[in-house]
Every structure is written in C-alpha cells, then in structure tokens.
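Observations on the three-dimensional arrangement
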Amino acid sequence: MQSQTLGWLLLAPTLLILAVFGLTPFLYVLVVSFFDWNSFAADPTMRFSGLSNYRHLVFDKGFLMALWNTFKFGVFAVVSQIVLGYFLAQLFMKDFPLKGFFRTIHTLPLMIAPVAVGATWRLMTVPGLGPIPYYLNQWFGYEFLISRFAGQAFMTAVIMDIWHWTPLVTLTLLAALSSMPKEPFEQAQIDGANRYQTFWYVTLPMLKPAILSALFIRLMDAMRTVDEIWMLTGGGPGSATRFIGLYIWRIVFPKTDYGYGSAMSLITLYLTIVLCWLLYAGLVARRDLRKPE
Amino acid sequence: MTRNRPGLSLLFWLVASLVTLFPIYWMFVVSARSRVELFSAPSFLIKSFFSENYLNTIHDPTYQKYMLNSIVIATSNALLVTVLALLACYALSRYKLSGKENIFFWTITNRMAPPAAFLLPLFLLYTQVFVVGDWKMFDTRIGLILLYCVFNLPFAIWTLRGVIDAIPRELDEAAFVDGASTWQVLIHVILPLARPGLAVTAILCWVFAWNEYLFAATLTSVNARTITTGLAEFVTVTGTNWGQMAATAMLTLIPAVAFLALVQKHIVAGLTFGAVKG
C-alpha cells in the first residue's frame, strides 16, 4: 500500500497541472455558456439565460460559414497529405545516396513556427513582392491576388498546410513501413499478386493503424489551424479563409460576448470530437464488416 | 517489387527538396533586401546582404525582451515537462494504480482539444480568477510556462511511456534489493537509460513551446510577450515592414533548425505516436 501512495505522488504534479489548466477551462466554459455575459454591455453582470446562446448559434450565418470552411479545408488538406505522404514514405523506403540529408530537409517545415510559415507564404504571395503572382502573370497572364479572389486564397491556405504538415504524415508512415514484416509481401508475390493487389490487400491493411493515427492527428490539427491562416490572409477575402478558430479568436473574442463565445467554443470542441469519432467508427466498422469474407 | 534506381530517387529528392526549401529561401531573400530592392521585379538572387533588417530586430529592446521571454518560457517549460513526464511515466509503468490506463488516456486527450475553444475561458481565468491581490496570472511568464504543459505534457508522456516500459524491471528490482530508495533508482537507473528518449522529448517540447503563438498572443500584453507574437506584430493595418518581418522570422527559425539537426535520427521514432507498437 505504501508503494501505491508513492505512485500517486509521482503522478500528482502532472494531474494537478492538467486539472488546473486543462480541465478547469473546460468546466468554466461549460458554465459560462449558459449565461448572458458581456462585459461591455449596458448590463455587464452574468445573467442566467439557459440555452439561448445555443439557440442563437444555430442561426448564426458567420459561425456556420466558418464551420463549413474549416471542414472543407480539413478534408482537402488532410486527404492530400495522406496520399502525398504515403508516396514520399514509399520513396524513402528505397536506398539512395544522401538519404538522411534529404529526410532532414523534408522534416524542416515541421520545426518552423506556424506564424513564421504564414509569414513565409505571405511573402511569396503578396502582390508586388512575391514571386508567385509575378511569374503567374508574366508567364501565363494569370491574375493571382489572394486578397481579392476567395478561391485562390482558400487554395493557397490548403497548399501552405500541405507544405507544412505532409512531413509529419511521411514520417509516421515511414516508421510504420520500416517496422513491417517482409513475409506477407513475399507470400503475396508467390501467390502472384500484382502491385495493385499487393497494395490493396497487404500494404493497406497493415498500414491502417498508422494511417488512422496520422489522419486523426492531422484532422484535429487542421480543424484548429489559426496562426498560419491569420498571417497569410487574416481570414479574408470576405470569409473565404475565416476558419472556426480564427472566427472565435478574431470576431467573437473582441466583442467580449463571453457567454455566446463560450457556447461557440463548446460546440466546436464537441463537433471535433464527434467528427473524429464518426471517422473512427466508420473506418474501423468497415474493416470489421469485411473480415468474415 | 520494383527495381531500385538510386539515380532516379536522387533526382526526385533533389527536386522535392527544392520545393520544400524554396519558401524558406525566399524568406531569406526578402530578409536580405532593402525596401527599395524588394518592390522591383522579383529575382531569386541575393546581390548584396542588407543586414539592417536583422540589426534592427536584434538592437530593438522590445524584441530583445520578446526573445528573452521566449527562451525563458520554452526552456523552463521543456525542463518542467520532461521531469514531470518522467515521474508520471515511471509511476504508470511500475506501479499498480487502479484505473491508470484511463488516466493515461485522459492525459492524452488534453492535447486534442482545439486551443481556440479554450482561449476565452483561459483569458477569463487569467484575468479574473487566478488573481492574488494585485498579481494576475495574465501577462506573466509563469502563466505561459504552466499553460504550455497542457499540450506538452501529454506529448511527453506519450513518447516517454514506451521508453520507460522498455527498461527492464529487473534492473530497478536489483537496485531495490541493494537497498536503494525510489529516488535513487530514478536518478541512477532510469535516468541514464532513458537519456536519449528524454533528450528528444525535451527538445521537441522546447520547439513546440517556442513556436506557440495563439495563447501567447491572447494571454500576454506587454511583459511576457514572446517572439512569435512579435513576428505577428509586423503585420499592421498601415503597412508591413516585410524585410524586417522576414529577418525576425529567420531568427525564430534558427534554434528550431539547429535542434532538428541534433535529433533528426531519433525523430522518426518520436513521431510514431505509438502507431507502430500495436
């Protein structure tokens, strides 16, 4: 029993910090979301308002738009990263000179602060300064102006995210690929499987845990991207790149409408969890259905 | 499988590396140019190095303070997180604690929450609740150091758990038989064996803390601002000093890149998030 106590003592500081700085804000936001509270309003006190914050949220066009944009952004970016990351990981499995050097270069974007990434891409796309708009115009006569065209701003944000985060997917899949046993591949070759069949029936099922964890980590991160986009476009033009994190931080926060902002934060948290859970249930259930065949 | 053609791979990775490096190279180009040079037709060559952009940032007392804050916060956080995670992982690995797998999982979930959802409550807590007399947690270094634990501790516990589990129990049992205390076992048995894992964890935590922007921008105003918030301050409504912004961004990059060079061999293992284990 003595040693049990010691074990809890060793865990205590960690649990204490996480409770104070991780759990308390969550409980706090839960309480505040049921109140009308705006410190700059005529009546700056907290008044209980039941579910009215949540009721307004359902009809808030800006909020719904931000959610939809975030979802689109997440899907575009993460799907591209998984596909690209898989091919790059496969290429890293081969032997070639200077492999370690190239892997370091490929890992580089991961270490850069998101704010600096946003700054970099802004420097490349700002009209009059960046090479991208200049050469697109010189060579193809294509007008590239992310401060005016919503589609271009959105795609630039997606490409920036791909540049920044594909290395994480590559490294995750690379680690999984390198630890795979060789026998199933040899067996598949003996059985006369072609490359497509080997990929679909051998590589993919074995890689599934790694792909899933890369997918979750990336999807959750993409849903919460704020700083990079803030530096790149500031959320514009219009609401094209105004993703949910940015929306809470830049639109709701300065209005000091705390009750409403809390409700929005909670719904965002809830939707992230539900989305991940649905994805997990969907992907895992499909495998379980296929198993009996 | 396919034939191995090293030449082709080499060519591919050369091109891929150019794509990866180009944005960073461009940032360097911008940081090395004067305002006048910048707004002529973009060229990719650096004719002369315009050091004023760097010197302006380095000699600006405000940015010196930001830099110092970032260093203090990232270093304290990385050390604190690594020590706490080591203790926690040792407890999780060696003791029979009821519900410890649930605790482990709960710890991890702390990293998953979108930070934007916690900005508002944290702001309120820091300005109105975590207040002792005249002292507020808002705009203090300690506030950020402790807060960064929320996303760094789960990461550290996640990566260190495997490291501690891999150290054979017989080693600490032998030390206990020789009359060592738990503390001595931790210092003399676990610590030396876990050192590579601890180093990678500490360095990655340092980089995460160094790179963080959103909380730093929201929960500080003057005294505890970090270099990443300073970087964002260059973008203003009235215009942006692109050259100096690029120079400052290059400065924030240096420690992260230096650390990457140090840990790049171990980073693959560190980034698997237990995916390979199962």
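All values derive from a computational prediction rather than experimental measurement.

Helices and strands together make up the secondary structure of chain B, namely 12 helices and 4 strands. For chain B, the C-alpha atoms occupy an extent of roughly 75 × 70 × 35 Å along the three principal directions. The buried share of chain B, taken over its 278 residues, is 44%. A separation of at least 24 residues holds for 77% of the contacts in chain B among residues at least 6 apart in sequence.

Another point: the overall build of chain A. Summing up its helical and strand segments, chain A has 12 helices and 2 strands in all. Secondary structure of chain A in N-to-C order comes out as α-β-β-α-α-α-α-α-α-α-α-α-α-α. Taken over the C-alpha atoms alone, chain A extends approximately 75 × 75 × 40 Å along its principal axes.

Of note, the phi angle at Leu98(A) is positive, near 65 degrees, even though the residue is not glycine. Positive phi outside glycine occurs at Asp139(B), with the angle close to 65 degrees. Examined against the element boundaries, Asp139(B) turns out to sit in the loop between β2 (135-136) and α7 (141-166). You can call Asp139(B) partly exposed: it has 16 C-beta atoms within 10 Å.

Formed by 149 residues in total, the largest nonpolar core has its most connected members in Ala85(B) and Cys205(B). The residues that make up this core include at least three from each of domain 1 (1-50) and domain 2 (52-270) of chain B.

Now for the domain arrangement of chain B. All names here are of chain B. Looking at chain B, the domain boundaries give domain 1 (1-50) and domain 2 (52-270). Using C-alpha coordinates to define each centre, domain 1 is positioned 31 Å away from domain 2. Contact with domain 1, which involves 9 residues of that partner, is made by 8 residues of domain 2. Those elements that place two or more of their residues in the side of domain 1 that touches domain 2 are α1 (6-31) and α2 (35-38). It is α1 that contributes the most residues to the side of domain 1 that touches domain 2, 4 residues altogether. Looking at the side of domain 1 that touches domain 2 residue by residue, the class counts come to 5 nonpolar, 2 polar and 2 charged.

Right, let's talk about the interface of chain A and chain B for a bit. At the interface, 77 residues of chain A touch 74 residues of chain B. For the side of chain A that touches chain B, the residue count by class is 51 nonpolar, 21 polar and 5 charged.

All names here are of chain A. Contact geometry of helix α3 (residues 61-93) with helix α11 (residues 244-252) gives a least axis separation of 8 Å together with a crossing angle of 145 degrees. When α3 is examined against α11, the residues Gly62, Phe63, Ala66, Leu67 and Thr70 are found in contact with a partner set consisting of Ile244, Tyr247 and Ile251. Of the residues belonging to the contact of α3 with α11, the class tally is 6 nonpolar, 2 polar and no charged.

This next bit is on helix α9 (residues 195-223) of chain A. Residues and elements named next belong to chain A. The first and last C-alpha atoms of α9 sit only 35 Å apart over 29 residues, clearly below the 42 Å expected at 1.5 Å per residue. Along α9, the sharpest kink reaches roughly 55 degrees, centred on Lys208 and followed within four residues by the proline Pro209. When we look at burial in α9, the residues that qualify are Ala210, Ala214, Leu215, Ile217, Arg218, Leu219, Ala222 and Met223.

All names here are of chain B. With 93% of its residues at a pLDDT of 70 or more, chain B has an overall mean of 84. Here residues 272-278 is a poorly scored stretch, pLDDT under 50, and it has 19 contacts once near neighbours within four places are set aside; other chains count. Interface scoring of the predicted complex returns ipTM 0.83; its pTM is 0.85.

Turning to the environment of Leu145(A), a few remarks are in order. Residue and element names in this part refer to chain A. Here Leu145 is to be found in the loop between α6 (131-140) and α7 (150-178). Residue classification places Leu145 among the partly exposed positions, given that 14 C-beta atoms sit within 10 Å. Counting along the chain gives 12 residues from Leu145 to Pro133, while the straight-line C-alpha distance between them is 6.9 Å.

Before going further, it helps to examine the packing of α3(A) against α9(A). Residue and element names in this part refer to chain A. Orientation of α3 relative to α9, taken along the N-to-C sense of each, is 145 degrees, at an axis distance of 9 Å. Judged by the sense of rotation from one axis to the other, the crossing of α3 with α9 is right-handed. Of the residues in α9, those in contact with Thr70, Phe73, Gly74, Ala77, Val78, Gln81, Ile82 and Gly85 of α3 are Ile211, Ala214, Leu215, Arg218, Leu219, Ala222 and Met223. Of the residues assigned to the contact of α3 with α9, the class counts are 10 nonpolar, 4 polar and 1 charged.

So, on to the environment of Val31(A). Within the element layout of this structure, Val31(A) appears in helix α1 (residues 2-32). Separated by 232 residues in the primary sequence, Val31(A) and Ala263(A) place their C-alpha atoms 9.3 Å from one another.

Before going further, it helps to spend a moment on the confidence of the model for chain A. When pLDDT is averaged along chain A, the result is 84, and 95% of the positions lie at 70 or above. α3(A) holds the highest mean pLDDT among the elements of chain A, 91, whereas helix α12 (residues 258-290) of chain A holds the lowest, 76.

All names here are of chain B. Mapped onto the secondary structure, Trp210 falls in helix α9 (residues 182-211). As a C-alpha pair, Trp210 and Leu84 span 126 residues in sequence and 19 Å in three-dimensional space. Ignoring any residue separated from it by four or fewer positions in sequence, one finds Trp210 in contact with Ser70, Ala74, Pro255 and Ala256.

About the cut-offs
- Residues numbered from 1 in each chain as written.
- Chains lettered and ligands numbered in written order.
- Predicted model: local features only at pLDDT ≥ 70, side-chain atom pairs only at ≥ 80, totals over all residues.
- Helix = DSSP H or I, 4+ residues; strand = E, 2+ residues; numbered from the N terminus.
- Buried ≥ 20, exposed ≤ 12 C-beta atoms within 10 Å, placed from the backbone.
- Contact = placed C-beta atoms within 7 Å.
- Core = buried A, V, L, I, M, F, W, Y, C linked by C-beta atoms within 7 Å.
- Domains from an automatic or database assignment.
- Nonpolar A, V, L, I, M, F, W, Y, C, P; charged D, E, K, R; others polar.
- Axes fitted to C-alpha atoms, helices over the stretch in contact; angles between N-to-C directions.
- Expected span 1.5 Å × (residues − 1).
- Bend = angle between axes of the 7 residues up to and from the residue.
- pLDDT = per-residue confidence, 0-100.
- Left-handed = near helix turned anticlockwise from the far one by under 90°.

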